[in-house]
Amino acid sequence: MGRSQAWIPLPSVDESEWFQSNGNTWRTNGRASVHVDATSKAQMLHVQWDDREQSPIVEVTSDIATRDRMIDLTRPSAMQSLSSAERRYWLAGTDLIPVDGIVKETSAQIVANARSDIEKARAIYDWIVENSYRRADTRGCGTGDVTAMLKSGNLGGKCADLNALFVGLARAAEIPSRDIYGLRVAPSRFGYMSLGANSANVTKAQHCRAEVFLDYFGWVPVDPADVRKVMLEEPPGNLPTSNPKVADVRQALFGSWETNWLAYNFAHDLSLPGSQGPKVGFLMYPQAETDDLRFDSLDPENFRYSIRAKEVSAI
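Residues numbered from 1 in each chain as written. Predicted model: local features only at pLDDT ≥ 70, side-chain atom pairs only at ≥ 80, totals over all residues. Heavy atoms only, no water.

A.B. asks: Quick question: what am I supposed to make of the pairing of strand S11 (residues 218-222) here?
C.D. replies: By the criterion of burial, S11 is predominantly enclosed, with five of the five residues buried. Sheet topology note: the strand S10 (residues 206-214)/S11 ladder contains five bridges and is antiparallel. Its bridge partner lying in S11, Phe213 is registered against Trp219. Here S10 folds back onto S11 in antiparallel fashion, the turn holding three residues. (Buried < 20%, exposed > 50% of the residue type's maximum accessible area, 1.4 Å probe, protein only. Helix = DSSP H or I, 4+ residues; strand = E, 2+ residues; numbered from the N terminus. Pairing = 2+ DSSP bridges.)

A.B. asks: Help me out: how do you make sense of the sheet that holds strand S13 (residues 261-265) in this one?
C.D. replies: Strand pairing in a sheet takes place through backbone hydrogen bonds and is either antiparallel or parallel in direction. Strands sit in the order S11-S10-S9-S13 across an open sheet of four strands; the sheet is antiparallel. The sheet is open, and its two edges are formed by S11 and S13, each paired on a single side. The sheet shows a mean angle of 40 degrees between the axes of neighbouring strands, direction not considered. With seven bridges connecting them, strand S9 (residues 177-184) and S10 associate as antiparallel partners. Each residue of the ladder has a partner; that of Ile180, found in S10, is Arg209. On top of the sheet, helix H5 (residues 159-172) reaches S9, S10 and S11; it is set at about 15 degrees to S10, its chief contact. (Axes fitted to C-alpha atoms, helices over the stretch in contact; angles between N-to-C directions. Contact = heavy atoms within 4.5 Å.)

A.B. asks: I would appreciate a short explanation of the sheet that holds strand S4 (residues 43-49) in the present structure.
C.D. replies: One open sheet accounts for five strands, arranged S3-S4-S1-S14-S15; its pairing is antiparallel. Two strands close off the open sheet at either side, each with one partner strand: strand S3 (31-36) and strand S15 (293-294). Bridge analysis of strand S1 (residues 4-10) against S4 gives seven bridges, and the strand direction is antiparallel. What sits directly across from Trp7, in S4, is His46.

A.B. asks: What is the right way to look at the environment of Ile8 in this model?
C.D. replies: Along the chain, the position of Ile8 falls in strand S1. A relative accessible area of 13% means that Ile8 is categorised as buried. Sequence spacing of Ile8 and Leu283 is 275 residues, and the spatial spacing of their C-alpha atoms is 8.6 Å. Filtering out sequence-adjacent residues up to four positions away, Ile8 remains in contact with Gln43, Met44, Leu45, Val47, Val58 and Val60.

Encoded structure:
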């Protein structure tokens, strides 16, 4: 079979108000070690097998705790701030999300009449809801190539596309913003089948979200991509923005999240340790290579991986 190696994303987010990463265990017939990306602090399990191993296996168990989020945007709190280094980091462009050129031009047009950061963020959110669409045949969660979307004028895709578009437009407007890459792990309790994991098998339940930093509120959750998901998928399908289901979720997803969801990391442009292959734009799927040939991470049947979720009671 040849020398094989794999990289499995581990929950790397610890935000006391809504998510805790409580540790990971694993078993494997290879050599495993935890790698922490120096820039983003994203964690992954790196497993290597030699060419004598005909059936490479790794099983990872992650323990997490979550809590729903809701920020009352009508009640500003005390001034909050990021350090200069943090602000630079969350305003910087990435390979797939630049903040100049057509991204900056589009952002400037969207926020032209907004005065405050919250007005600008809301204008960008509404613009994406009104001008994008969820394309059902997009592979995985999309590629997140913001420039390609804007240059083509085709604003179709899934969460890694539409929420990356929010992040790019917000950063171009000088508002710190970030993607969070993760996985739906439980059903939605709010009546939206499309917004939950509806079985224990969550192999294809990857979902990324976004946050924007507002000075009197801190990090604020947003998810315009899930508004478009509701519009496409909730019965009877292809709902207009005027539909009450859409109006409700559109209001909710600017400032709140139902956290039936595991958060892996905030990372972009990751080099996989031990690999000579290209960087990955984001790490939300297991990755693997054999003899430097990278498997298709969006093809779990042929790549042969599965992910399952189980709720346990708090002690």
